[in-house]
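# What the coordinates show
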Amino acid sequence: MTVTLKVTDDEGGEWAVLRVSGEMDLVTSPVLRQRMHEAVADGRRSVVLDLSEVLFCDSSGVGVLIAARRLIQSCRGRLRLILPAQGAVDGSHVNRVLAALGVRRLFDVYPDVAAAVGEESTPLSA
């Protein structure tokens, strides 16, 4: 399985939404890294990464997420992750990996895109 990305804008156009599905591993993670750089190069400073359809994530995938966070912070932007509590079997695989590595607290996590792009929304607790 490979990672596929689709970039869509919400109705307000303020948020770039990158929808990621498949596996984030050593082979596929550079695709997400490139798409993040393209979004920032296009002037996007508010990015939502929808990871609800990611079935597998290894350390290289986590590295890309941390690099994306640094990239967005460097341009004073906002990065929000979609990691739903309900997943394929027992919740989001990415959420479990981030929690196991102790880096989940670094990210603003939301249950869905609608919550992430809402200005009054509050991130889920780590």
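The paragraphs below set out a description of the structure included in this document. Predicted model, so just to flag it, every value in this text is computed and none were measured.

### Digging into the pairing of strand β2 (residues 16-24)
Side chains on a regular strand alternate between the two faces of the sheet. Sheet topology places β2 next to strand β3 (residues 46-57); eight bridges connect them, and they run parallel. In the sheet register, G22 faces β3, and the bridge partner there is V54. For the crossover that starts at β2, traverses helix α1 (residues 29-41) and ends in the parallel β3, the hand is right-handed.

### Thoughts on the nonpolar core
Formed by 28 residues in total, the largest nonpolar core has its most connected members in M36, L49 and L51. Mapped onto this core, the elements with two or more residues apiece are β2, α1, β3, α2 (59-74), β4 (78-82) and α3 (93-101). Broken down by element, this core gets its largest block of residues, seven residues, from α2. If sequence neighbours within four positions are ignored, L51 has contacts with V20, M24, L65, L81, I82, L83 and V94. Counting nine residues, the second largest nonpolar core, distinct from the first, contains W15, V17, V113 and A116.

### Remarks on the pattern of salt bridges
With the rule as written, the count across this model stands at three salt bridges. Here R78 and E14 are joined by a salt bridge, their closest N and O atoms 2.3 Å apart. Separated by 64 residues along the polypeptide, R78 in strand β4 and E14 in the loop between β1 (4-9) and β2 bring together distant segments of the chain. Across the pair E38 and R35 runs a salt bridge whose closest N-O atoms are separated by 3.5 Å.

### Notes on the environment of V117
Relative to the helices and strands, V117 resides in helix α4 (residues 113-117). The spacing of V117 and V47 is 70 residues in sequence and 9.1 Å in space, taken between C-alpha atoms.

### Description of α2
The terminal C-alpha atoms of α2, which comprises 16 residues, lie 22 Å apart, in line with the 22 Å expected from a rise of 1.5 Å per residue. For α2, every residue scored as buried is listed here: S60, G61, V62, V64, L65, I66, A68, L71 and I72. Among the residues trailing α2, R76 stands out with phi positive, at a value near 55°.

### Here's the deal with the pairing of β3
Direction of pairing for β3 relative to β4: parallel, over a ladder of five bridges. The residue bridging L49 from the neighbouring strand is L81, located in β4. In this fold, β3 hands off to α2, which returns the chain to β4; that crossover is right-handed.

### What to know about the side chain of D25
Examined against the element boundaries, D25 turns out to sit in the loop between β2 and α1. At 3.0 Å, the side chain of D25 and the backbone nitrogen of T28 are in polar contact. Discounting residues that sit within four places of it in the chain, D25 has contacts with P30, F56, D58 and S60.

How each quantity is defined
- Residues numbered from 1 in each chain as written.
- Predicted model: local features only at pLDDT ≥ 70, side-chain atom pairs only at ≥ 80, totals over all residues.
- Heavy atoms only, no water.
- Pairing = 2+ DSSP bridges.
- Helix = DSSP H or I, 4+ residues; strand = E, 2+ residues; numbered from the N terminus.
- Right-handed = clockwise from strand over helix to strand, strands pointing away.
- Core = buried A, V, L, I, M, F, W, Y, C linked by side-chain atoms within 4.5 Å.
- Buried < 20%, exposed > 50% of the residue type's maximum accessible area, 1.4 Å probe, protein only.
- Contact = heavy atoms within 4.5 Å.
- Salt bridge = Lys/Arg side-chain N within 4 Å of Asp/Glu carboxyl O.
- Expected span 1.5 Å × (residues − 1).
- Polar contact = N/O pair within 3.5 Å; in protein donor to acceptor, adjacent residues only side chain to side chain.

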